[in-house]
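In case you want the letters, here they are:
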Amino acid sequence: MRHRNVGNSPSANSAIGTIATGNRYIGRFAPSPTGPLHFGSLVAAVASYLQARAHSGLWLLRIEDIDPPREQPGATKLILDALETYGFEWDGEVIYQSKTAAAHDAALQSLLERGLAYPCGCSRRDLADVARGPLGTIYPGTCRDGCSSKETAIRIRTNDEPISFVDALQGNQTQRLESESGDFIIRRRDGLVAYQLAVVVDDELEGVTEIVRGIDIMESTQRQIWLQQLLGYSSPKYAHVPVITHPNGDKLSKLTGAPGIPQENPQPILVEALIALRQDPPADLDASSVYDIWQWAITNWKLETLRGLTAVKSAILHANILTDTPKMP
Ligand code: GLU
């Protein structure tokens, strides 16, 4: 696999130990193996990679494989193969989130023991009629004072103090969790640790200093900051890059039929990603090698050209470049 050595770390866990020291910039890309890498995910990966490399930082690759029901067999390999073909070089070994389950459980136990989290027996049907907001169901606190069900999720207590952060691209962001999401789930009824908790624990373990990711996840950030505060972690910096849309404005995602990026001839697609990121590459850059494209991109990287931009329509889909792409087995 395409990775740069960090220390002498033979395994992901010791790589984490080695990495999480010092004041160095540490970025990461954390795809879930729910399908092949599509152009929208490539753009987010390129942004986080360039931001890390332009800071002479480390760039970690974490496969968020803790939700088997949503995963697609073969997706991890497709993602890793695509990242390799497109010339990404991650630091240390690939980190598999499933391997840090013990740390997720320890965080969960600590929150439960301190009374900051509680079991909730409400089913989907029980919550069918409660208010919904932009973040989904607003949990009304039904089980806050106890619940007798055997099968339970675990929720974290929230309050209505504003939680804010300044996103490097999208500016000041504030939510009041109790009224916007209510106490949210950190372990699901099926026993799986929820994304919000796992991501916070792993970013802390790996010493991540800045998270550059798609704006579609931005609305989760305050819930993650809340968990960081309760667990005594410091918060990384955040920069949320625009989502890539179809020409009709629909977000590029598996649900809207976004195909995986091709494994052949990556140069034009890589250059399209730079164009989507408003990097203004020279006209003939796609005639260069993948290595030279990265050299140009790292030297010329300007995150701030994306300031305030929330969506970019992709011309690439018109050009039909993405038709011959890897399919899930
Ligand atoms: N695993 C998440 C996804 O693929 C991204 C997590 C993150 O960047 O915080 O959507």
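The rules we used
Residues numbered from 1 in each chain as written. Predicted model: local features only at pLDDT ≥ 70, side-chain atom pairs only at ≥ 80, totals over all residues. Heavy atoms only, no water. Buried < 20%, exposed > 50% of the residue type's maximum accessible area, 1.4 Å probe, protein only. Helix = DSSP H or I, 4+ residues; strand = E, 2+ residues; numbered from the N terminus. Contact = heavy atoms within 4.5 Å. pLDDT = per-residue confidence, 0-100. Pairing = 2+ DSSP bridges. Axes fitted to C-alpha atoms, helices over the stretch in contact; angles between N-to-C directions. Near = heavy atom within 4 Å. Polar contact = N/O pair within 3.5 Å; in protein donor to acceptor, adjacent residues only side chain to side chain. Areas by Shrake-Rupley, 256 points an atom, 1.4 Å probe, with all protein chains shown as cover. Nonpolar A, V, L, I, M, F, W, Y, C, P; charged D, E, K, R; others polar.

### Quick look at helix α6 (residues 195–205)
Stage number 1. With respect to burial, α6 is a largely interior element, eight of its eleven residues being buried.
Stage number 2. The set of residues buried in α6 consists of Q196, L197, A198, V199, V200, V201, D202 and D203.
Stage number 3. Those residues of α6 hidden inside the fold are in contact with β2 (26–29), β3 (58–63), α4 (101–113), β12 (184–187), β13 (210–214) and α7 (221–231).
Stage number 4. G207 sits one or two residues past α6 and shows a positive phi near 70°.

### Comments concerning the environment of S56
Stage number 1. Considering the arrangement of structural elements, one finds S56 in the loop between α2 (39–54) and β3.
Stage number 2. A relative accessible area of 53% places S56 in the exposed class.
Stage number 3. S56 sits 31 residues away from Y25 along the chain, and the two C-alpha atoms are 7.3 Å apart.

### Section: the confidence of the model for the protein
Stage number 1. On average, the protein scores 90 in pLDDT, and the residues at 70 or more come to 88%.
Stage number 2. Under a pLDDT of 50 for its full length, residues 7–18 has, in the predicted model, 16 contacts with residues more than four places off or in other chains.
Stage number 3. Low pLDDT (under 50) marks residues 323–329, which in the prediction has 21 contacts with non-local residues, meaning those over four places away or in another chain.

### Regarding the sheet that holds strand β6 (residues 117–120)
Stage number 1. Spatial ordering of the open sheet is given by β6-β9-β12, a layout of three strands whose pairing is antiparallel. Unpaired on one side and paired on the other, β6 and β12 mark the two borders of the sheet. Averaged over all pairs of adjacent strands, the angle between strand axes in this sheet comes to 45°, irrespective of strand direction.
Stage number 2. Where β6 lies against strand β9 (residues 153–156), four bridges are found, and the strand directions are antiparallel.

### Here's the deal with the site of the ligand
Stage number 1. Neighbouring the ligand are R28, A30, P31, S32, E64, Y195, V199, R213 and I217.
Stage number 2. A distance of 2.8 Å separates a nitrogen atom of the ligand from a polar side-chain atom of S32.
Stage number 3. Note that an oxygen atom of the ligand is positioned 2.7 Å from one of the side-chain N or O atoms of R213.
Stage number 4. Notes on the ligand: free accessible area 300 Å², of which the protein chains cover 76%.
Stage number 5. The residue makeup of the shell around the ligand, split by class, is five nonpolar, one polar and three charged.

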